[in-house]
Amino acid sequence: MKTKERILTTALRLFNEEGEPNVTTNHIADEMDISPGNLYYHYKSKDDIIWQIFLQYEKQIKEVLDAPDFNHASMKDMWLYLNMVFDVIVEYRFLYRNLIQLMNRIEFLKRHFRHILALKSEKALLILEQLRQEGTLSADQRTTANLADQIALTSTFWLNYSVAIFDDNFDEQKKLSHGIFHILQMIAPFLDEKQRTFLDELSKQFLS
């Protein structure tokens, strides 16, 4: 791995483990056993490093959000979609834990993240609309659109919420599962009996 790539990999790990505000370029250089000058040869500032990491995140999340459409949607499709989204969120979790500050600090990041939020909502709406058209989801168009926005909102801010309600030693995978479960429970009242039963089985499997 080239030094430029190693800087991003090391920075991502430190940002996730220590929190982005607590990590300086000197910390990154020390962790890599390189000089600060070597680091600045590749990246002019910490925000430059964050921006490059964000571009990696953006590429991965768009691959999830641009996945092929579902022909016959089910709650299993929604569950799989949310798992893929949360997997990327966890990999780049520092972005979500310090999102507002980063958006205020890095203008490009703000614009790009707004677009990602819109894509999250659009993908959720696509699945929900297909469920509604097939009679699996009983909700009007306005309610369906609101549910899609709530899915995007909850998935975006779940990590911050989980920090407040779970102990530090609580398993990260369980935090993810709880987030997905809470999102699916928002949809549950609008589902038919078969899909609600499926959700009950999922909760027993992944929250036990």
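Residues numbered from 1 in each chain as written. Predicted model: local features only at pLDDT ≥ 70, side-chain atom pairs only at ≥ 80, totals over all residues. Heavy atoms only, no water.

Labelled according to an unreviewed UniProt entry, the protein chain appears under the name TetR/AcrR family transcriptional regulator, originating from Marinicella sediminis.

1. Structural notes on the overall build of the protein chain
A count of helices and strands for the protein chain gives eleven helices and zero strands. Taking all 208 residues of the protein chain together, 47% fall into the buried category. Put simply, 71% of the contacts in the protein chain that link residues at least 6 apart link residues at least 24 apart. When the accessible area of the protein chain is evaluated, it comes to approximately 11,100 Å², of which 49% is carbon and sulfur surface. Here the protein chain holds 24 positive side-chain charges and 30 negative ones, and the gap between their average locations is 3 Å. (Helix = DSSP H or I, 4+ residues; strand = E, 2+ residues; numbered from the N terminus. Buried < 20%, exposed > 50% of the residue type's maximum accessible area, 1.4 Å probe, protein only. Contact = heavy atoms within 4.5 Å. Areas by Shrake-Rupley, 256 points an atom, 1.4 Å probe, with all protein chains shown as cover. Lys, Arg positive; Asp, Glu negative; His and termini not counted. Charge placed at Lys NZ, Arg CZ, Asp CG, Glu CD.)

2. With respect to the UniProt feature "domain: HTH tetR-type" (unreviewed entry) in the protein chain
Per the UniProt entry, the sites bearing "domain: HTH tetR-type" (unreviewed entry) are residues 1–61 in this numbering. Helix makes up 77% of residues 1–61 and strand 0%. Its end C-alpha atoms lie 23 Å apart. (UniProt positions renumbered as here; feature names shortened; annotations may be inferred.)

3. Side note on helix α5 (residues 75–91)
The end-to-end C-alpha distance of α5 is 24 Å, a good match for the 24 Å that 17 residues give at a rise of 1.5 Å each. With twelve of its 17 residues buried, α5 lies for the most part within the structure. All of the buried residues along α5 are Met75, Asp77, Met78, Trp79, Tyr81, Leu82, Asn83, Val85, Phe86, Val88, Ile89 and Val90. (Expected span 1.5 Å × (residues − 1).)

4. Observations regarding unusual backbone geometry
For Asp33, which is not glycine, the phi torsion reads 60 degrees and is therefore positive. Following the sequence through the fold, Asp33 ends up in the loop between α2 (25–32) and α3 (36–42).

5. Brief notes about the packing of α5 against helix α8 (residues 107–133)
For the pair α5 and α8, interaxial distance at closest approach is 10 Å and the crossing angle is 170 degrees. Viewed along their axes, α5 and α8 adopt a mutual orientation that is roughly antiparallel. Taking contact as the criterion, the partners of Met75, Asp77, Met78, Tyr81, Val85 and Ile89 in α5 are, on α8, Lys120, Lys123, Ala124, Ile127, Leu128 and Leu131. In terms of residue class, the contact of α5 with α8 is made up of nine nonpolar, no polar and three charged. (Axes fitted to C-alpha atoms, helices over the stretch in contact; angles between N-to-C directions. Parallel < 35°, antiparallel > 145°, perpendicular 65-115°, else oblique. Nonpolar A, V, L, I, M, F, W, Y, C, P; charged D, E, K, R; others polar.)

6. Structural notes on a nonpolar patch on the surface
Taken together, the side chains of Ile100, Leu153 and Phe157 define a hydrophobic patch exposed on the protein surface, amounting to about 260 Å² of accessible area. With respect to the helices, strands and loops of the structure, Ile100 is situated in helix α7 (residues 99–105). A relative accessible area of 47% places Ile100 in the partly exposed class. (Patch = residues over 30% accessible without salt bridge, like charges linked within 9 Å, V, L, I, M, F, W, Y side chains within 5 Å. Salt bridge = Lys/Arg side-chain N within 4 Å of Asp/Glu carboxyl O.)

7. Overview of the packing of aromatic side chains
One pass over the structure, following the stated rule, counts ten aromatic pairs. Ring geometry for Phe15 against Phe94: centres 4.9 Å apart, planes inclined by 50 degrees, an arrangement best described as tilted. With a gap of 79 residues between them, Phe15 in helix α1 (residues 3–18) and Phe94 in helix α6 (residues 93–97) connect regions that are remote in the sequence. The pair Phe15 / Phe94 is uniform in exposure class, with both members buried. Ring centres of Phe54 and Tyr57 lie 5.5 Å apart, and the angle between their planes is 50 degrees; this geometry places the pair in the tilted category. Taken together, the residues Phe54 and Tyr57, both in helix α4 (residues 46–65) and three residues apart, mark about one turn of the helix. Here Phe54 matches Tyr57 in class, with each residue buried. Counting every residue linked through ring pairs, the aromatic cluster contains Trp51, Phe54, Tyr57, Tyr92, Tyr96, Phe108 and Phe113. (Phe/Tyr/Trp six-rings, centres within 6.5 Å; stacked < 30°, edge-to-face > 60°.)

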